[in-house]
Amino acid sequence: MKISEYKGFYKLSIEERLKEAVEFAGLTNEEAIVLSDPNALTPDMADHMVENVIGRYSLPMGVAVNFLINGKDYLIPMVTEEPSVIAAASNGAKMARENGGIFASNSGTVMISQIQVLDVEDANYARIKVLENRKAIADRCNEMDPVLVKLGGGVVDVEARVVESSIIGDMLVVHLKVNTLDAMGANAVNTMAEGISPFIEEITGGRVNLRILSNLAIFRLARARARFSKESLGGEHVVDAIIDAYAFAEADPFRAATHNKGIMNGISAAVLATGNDTRAVESGAHAYASISGSYKPLSTWEKDKNGDLVGTIELPMAVGLVGGATKVHPQAKAAVRILGVKSAGELGEVFAALGLIQNFSAVRVLATEGVQRGHMGLHARNVAAVAGAKGDVLEAIVKRMVSEKKVRVEYAQELLKEYEKK
Ligand SMILES: CC(C)(COP(=O)([O-])OP(=O)([O-])OC[C@H]1O[C@@H](n2cnc3c(N)ncnc32)[C@H](O)[C@@H]1OP(=O)([O-])[O-])[C@@H](O)C(=O)NCCC(=O)NCCSC(=O)C[C@@](C)(O)CC(=O)[O-]
Ligand SMILES: NC(=O)C1=CN([C@@H]2O[C@H](COP(=O)(O)OP(=O)(O)OC[C@H]3O[C@@H](n4cnc5c(N)ncnc54)[C@H](O)[C@@H]3O)[C@@H](O)[C@H]2O)C=CC1
């Protein structure tokens, strides 16, 4: 049985950490080489991914340790430029293990593709005609993606809405609801929306304008929950302080934005590591946070009857294991192998669990000692590196800056000169 719980993982060398990850995930030699090779994404591959390529851009990939989700251990690869994020995730996951870890689920893998129909005088009448033709629309769409249908996916329903009183008046909007299985599905559903549009025009007598998926993927929700005992948090007053912090986010969009940024610190890093579309997930998350009409936190924090802290998260999770860059970028492929997920649904569950834990770690620290000690302690390494410090001198400068609470590049430069004179 593979266990992702580590003590002092961060104290190992890069090579030792990679060896642990390789052993944990049962990676091949080739995959191990890819993970440590800055040139794994070749210029030629890059040139085929996007346009006007002039080079490649690297970011650190780390793994969050200690994650136990639905009774299974995970190492979660994360690509981020921000210090303390991976440490915070690992720390929170460690605390969650005491109560069985994180429990996650998902609502399926159905995406929405939108077709905007204009110039329909009788939008309500046209809507009913579209619904009458649901089966014919679904059949024609499914013919466009036989691979998806053969695997058990395809259109599961067709909906039509009259969107009233836009600045150009009423419009009819048709939604294709498509089960895209293990694909994120944007290309798949966009193809269907474009292909079916002449038929929609025929049915409605209108003029189709946009044909594109919605990133507000409300039929593709990932959910997670976790419990933390009051004792592990340092007492019931800490539980209360975390709930007070949550109440702040619930009541105030200025705080909710930052609360949700903390959630996305984890999710975006893992989405990026696996070659998935960070913008798709982020726009879905923030739109879902606003679905009630005002911007809300994506997580909830409450106290259970024992006085322990319980948290939940729910957000759209349009991520896949086929398509996009997930099957092209060599390091993204290796990241998916480290995760060991078997389906897009499981991938989304892991991301939701990570988001919840990332939020827990940040809010716990904010509601107690404040973020600066832990975060600035790690950020100080960046600052010392910017000042030009290396090796032991860098470590010594970090220690000084943190203990003196002066984490600034000018001060690091001053200290560097001091050490160079010695
Ligand atoms: C940073 C910690 C974890 C330190 O916390 P600590 O209590 O000083 O850590 P510790 O030394 O007791 O170690 C506890 C565990 O943390 C992990 N850990 C500890 N150090 C490392 C390290 N160097 N590298 C990797 N992992 C580390 C590791 O798992 C370790 O267990 P061990 O292995 O020792 O058994 C804590 O202070 C923390 O969780 N801080 C929150 C940091 C955070 O959220 N950063 C995000 C950036 S701020 C932001 O963008 C979001 C925000 C805050 O605005 C969101 C919001 O407002 O809601
Ligand atoms: N607004 C947005 O979010 C938009 C995103 N995109 C981009 O679209 C890309 C993702 O599109 P996809 O349709 O996922 O990629 P894709 O078109 O490369 O792959 C999906 C296809 O793979 C086939 N397939 C094979 N095995 C499958 C399986 N097990 N499950 C499901 N399908 C399987 C199906 O034919 C399916 O249509 C991403 O790169 C994203 O950035 C594109 C346009 C808009």
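For the protein chain, the name recorded in an unreviewed UniProt entry is 3-hydroxy-3-methylglutaryl coenzyme A reductase, with Youngiibacter fragilis 232.1 as its organism. The UniProt entry for the protein chain carries this comment under Sequence similarities (unreviewed entry): "Belongs to the HMG-CoA reductase family." Recorded under Pathway (unreviewed entry), the UniProt text for the protein chain is reproduced unchanged: "Metabolic intermediate metabolism; (R)-mevalonate degradation; (S)-3-hydroxy-3-methylglutaryl-CoA from (R)-mevalonate: step 1/1."

Draft legend 1. Here's a closer look at the site of ligand 2. Taken together, 21 residues lie around ligand 2, and Asp145, Gly185, Ala188, Asn215 and Asp277 are the ones closest in. Ala186 is positioned such that a nitrogen or oxygen atom in its backbone is 3.4 Å from an oxygen atom of ligand 2. The protein chains hide 71% of the 870 Å² of surface that ligand 2 would expose on its own. Contributions of two or more residues to the shell around ligand 2 are made by helix H7 (146-150) and helix H8 (186-204). The dominant element in the shell around ligand 2, judged by the number of residues it contributes, is H8, at four residues. Partitioned by chemical class, the residues of the shell around ligand 2 number 11 nonpolar, seven polar and three charged.

Draft legend 2. Just the side chain of Asn179, in detail. Assignment of secondary structure puts Asn179 in strand S6 (residues 169-179). Side chain to side chain, Asn179 and Thr109 meet in a polar contact 2.6 Å long. In contact with Asn179, not counting residues within four places along its chain, are Thr109, Val110, Leu148, Gly152, Gly153, Gly154 and Val156.

Draft legend 3. Region of interest: the pairing of S6. Across the 11 residues that make up S6, a large majority, nine, are buried. Bridge count between strand S4 (residues 110-118) and S6: eight bridges; the pairing is antiparallel. Note on S6: the bridge partner recorded for Val117 is Leu172. Relative to S6, strand S5 (residues 154-166) runs antiparallel, the two sharing 10 bridges. Of the residues in S6, the one forming a bridge with Val155 is Val178. As consecutive antiparallel partners, S5 and S6 are separated by two residues.

Draft legend 4. Inspection of the site of ligand 1 at higher detail. Neighbouring residues of ligand 1: 27 residues in total, closest Gly8, Ser84, Lys94, Arg255 and Lys261. In this structure, an oxygen atom belonging to ligand 1 sits 2.3 Å away from a side-chain N or O atom of Lys94. Asn265 places a polar side-chain atom, nitrogen or oxygen, 3.0 Å from an oxygen atom of ligand 1. Contact with the protein chains covers 80% of the free accessible surface of ligand 1, which is 1100 Å². Of all the secondary-structure elements, those providing two or more residues to the shell around ligand 1 are helix H4 (85-97), helix H11 (253-273), helix H14 (344-366) and helix H15 (372-386). Both of domain 1 (9-107 + 220-369) and domain 3 (373-421) provide at least three residues apiece to the shell around ligand 1.

Draft legend 5. A look at a nonpolar patch on the surface. Side chains of Met49, Val50 and Val328 sit close together on the surface and give an oily, nonpolar patch of about 220 Å² of accessible area. In this fold, Val50 is placed in the loop between helix H3 (43-49) and strand S1 (61-69).

Draft legend 6. Looking closely at the domain arrangement of the protein chain. The assigned domain composition of the protein chain is domain 1 (9-107 + 220-369), domain 2 (110-214) and domain 3 (373-421). Distance between the C-alpha centres of domain 1 and domain 3: 29 Å. Here domain 1 and domain 3 share an interface that buries about 430 Å² over both sides, 55% of which is from carbon and sulfur atoms. Of all residues in domain 1, the largest losses of buried area upon contact with domain 3 belong to Pro83, Ser84 and Glu369, amounting jointly to 83% of the total for that side. Linking domain 1 with domain 3 are zero salt bridges, by the criterion used here. Seen at the junction of domain 1 and domain 3, the total is zero residue pairs in polar contact (both at pLDDT 80 or more). Counted by class, the side of domain 1 that touches domain 3 contains two nonpolar, one polar and two charged residues.

About the criteria used
Residues numbered from 1 in each chain as written. Chains lettered and ligands numbered in written order. Predicted model: local features only at pLDDT ≥ 70, side-chain atom pairs only at ≥ 80, totals over all residues. Heavy atoms only, no water. UniProt positions renumbered as here; feature names shortened; annotations may be inferred. Near = heavy atom within 4 Å. Polar contact = N/O pair within 3.5 Å; in protein donor to acceptor, adjacent residues only side chain to side chain. Areas by Shrake-Rupley, 256 points an atom, 1.4 Å probe, with all protein chains shown as cover. Helix = DSSP H or I, 4+ residues; strand = E, 2+ residues; numbered from the N terminus. Nonpolar A, V, L, I, M, F, W, Y, C, P; charged D, E, K, R; others polar. Contact = heavy atoms within 4.5 Å. Buried < 20%, exposed > 50% of the residue type's maximum accessible area, 1.4 Å probe, protein only. Pairing = 2+ DSSP bridges. Domains from an automatic or database assignment. Patch = residues over 30% accessible without salt bridge, like charges linked within 9 Å, V, L, I, M, F, W, Y side chains within 5 Å. Salt bridge = Lys/Arg side-chain N within 4 Å of Asp/Glu carboxyl O. Buried area = accessible area lost by both parts, 1.4 Å probe.

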